[in-house]
Amino acid sequence: MKRIETIASLISSDNGDLLDIGSDHGYLPLLLLKGGFSSKLYASENKLGPFNNLTNSLKGTDITCLFGDGLEVYQENIKQVVIAGMGGRLISKILDGGKIHLASIERLILEPQTDEDEMRRCLNDLKWKQIYGVYIKEKGHIYPIEIYVKGEEKLSEDEIEFGKYQLNNKDLLLKEKLNKKIEILSKLSGEIKKQEELKLLSIMEKYYEN
């Protein structure tokens, strides 16, 4: 649950009503409610079985359950959206497909489990900028959790791949992730693998050894 607890710690009711897309059993909104979140909470699922599980989990609470795909379930006054536990490609699809609703949303809290670079590139194209990012480790896997607000920023390829905020703030779990990638690549042969290893070593030198 460290992943969900970390996400919850980054959310404030001061930033307005919140929608948790793909909420599973509603662990995040329940945790927020327990922590005193005072704005309106919404939780969604897009398949009937998971939606029934969600409604059962949140029965008797003030959390509103919504059935539908991505931002199609958007309700007036929602200012914050969480999308966690999905691949970056799917998160990108949700955001790109819900552009009409993004205009009314002020903050995105995102946790991709794969293809994080695709998610960051999509957000950059949609003119959202990262204001915070941290890597967390759960069950041996290292995931980024990132917060975005509206705005434009120029990103390097390294920042798109690993996160601008995390790189510039020398995130220690990102360092562990980079070292693990370098270790794996060092055992492989081939010119492409060697080039990738040299690129990662250059990132380590630039951000962690100065």
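Coordinates for the structure precede this section.
In every chain, residue numbers begin from 1 and rise along the written sequence. Residue-level local features of this predicted model are given only where pLDDT is at least 70; pairs of side-chain atoms are given and counted only at 80 or more, and the full residue set underlies all totals for whole chains, interfaces and linings. Heavy atoms throughout the structure, all of them, feed into the side-chain values; hydrogens and water do not.

Caption draft 1: Up close: the overall build of the chain. Across its full length, the chain carries 10 helices and seven strands. The C-alpha radius of gyration computed for the chain amounts to 18 Å, which stays within 12% of the reference 17 Å derived for 210 residues, consistent with globular compactness. Along the three orthogonal principal directions, the C-alpha set of the chain runs to about 55 × 35 × 30 Å. For the chain, the proportion of its 210 residues judged to be buried stands at 48%. Note on contacts: a residue pair qualifies if any of its non-hydrogen atoms lie within 4.5 Å across the two residues. Contacts in the chain between residues far apart in sequence, at least 24 positions, make up 62% of those at least 6 positions apart. Throughout, the Shrake-Rupley method with a 1.4 Å probe supplies accessible areas, and for residues the shown protein chains are the sole cover considered. Taken as a whole, the chain presents about 10900 Å² of accessible surface, with 48% of it coming from carbon and sulfur. In this tally Asp and Glu are treated as negative and Lys and Arg as positive; neither His nor the chain ends contributes. Note on charges: their place is set at NZ of Lys, CZ of Arg, CG of Asp or CD of Glu. Side-chain charges in the chain split into 30 positive and 34 negative, and the spacing between the mean points of these groups amounts to 2 Å. Strands are runs of DSSP state E lasting at least two residues, helices are runs of H or I lasting at least four, and both sets are numbered from the N terminus onward. As a reference, a globule follows 2.2 Å times the number of residues to the power 0.38, and the radius of gyration itself is taken over C-alpha atoms. For the exposure calls, accessible area comes from a 1.4 Å probe over protein chains only, and a residue counts as buried if that area is under 20% of its type's maximum, exposed if over 50%, partly exposed in between.

Caption draft 2: Quick look at unusual backbone geometry. Positive phi outside glycine occurs at asparagine 77, with the angle close to 85°. Along the polypeptide, asparagine 77 turns up in the loop between strand 3 (64–67) and strand 4 (78–86). The phi angle at lysine 127 is positive, at roughly 70°, despite the residue not being glycine. Take lysine 127: it is sitting in the loop between helix 6 (116–125) and strand 6 (128–138).

Caption draft 3: Layout of empty space enclosed by the protein. Cavity and pocket criteria rest on a 1 Å grid covering protein atoms alone: a 1.4 Å probe that fits but cannot get out defines a cavity, protein on both sides within 12 Å along at least 5 of 7 lines defines an open pocket, and an atom within 4 Å of a point defines a lining residue. Grid points are joined across faces, edges and corners, and a volume is the space filled by probe spheres set on the points. Tallied over the entire structure, the rule returns one cavity of 30 Å³ or more. Estimates place the volume of the largest cavity at around 30 Å³. If you trace the largest cavity, you find it lined by Arg120, Trp128, Gln130, Tyr148, Glu153 and Leu155. Looking at the lining of the largest cavity residue by residue, the class counts come to three nonpolar, one polar and two charged. Each residue gets one of three labels, nonpolar for Ala, Val, Leu, Ile, Met, Phe, Trp, Tyr, Cys and Pro, charged for Asp, Glu, Lys and Arg, and polar for the others, Gly among them.

Caption draft 4: Fine view of the side chain of glutamate 116. One can find glutamate 116 in helix 6. Judged by its relative accessible area of 10%, glutamate 116 is buried. Once you skip the residues sitting within four places of it in the chain, glutamate 116 turns out to touch Tyr135, Pro144, Ile160, Glu161, Phe162 and Lys177.

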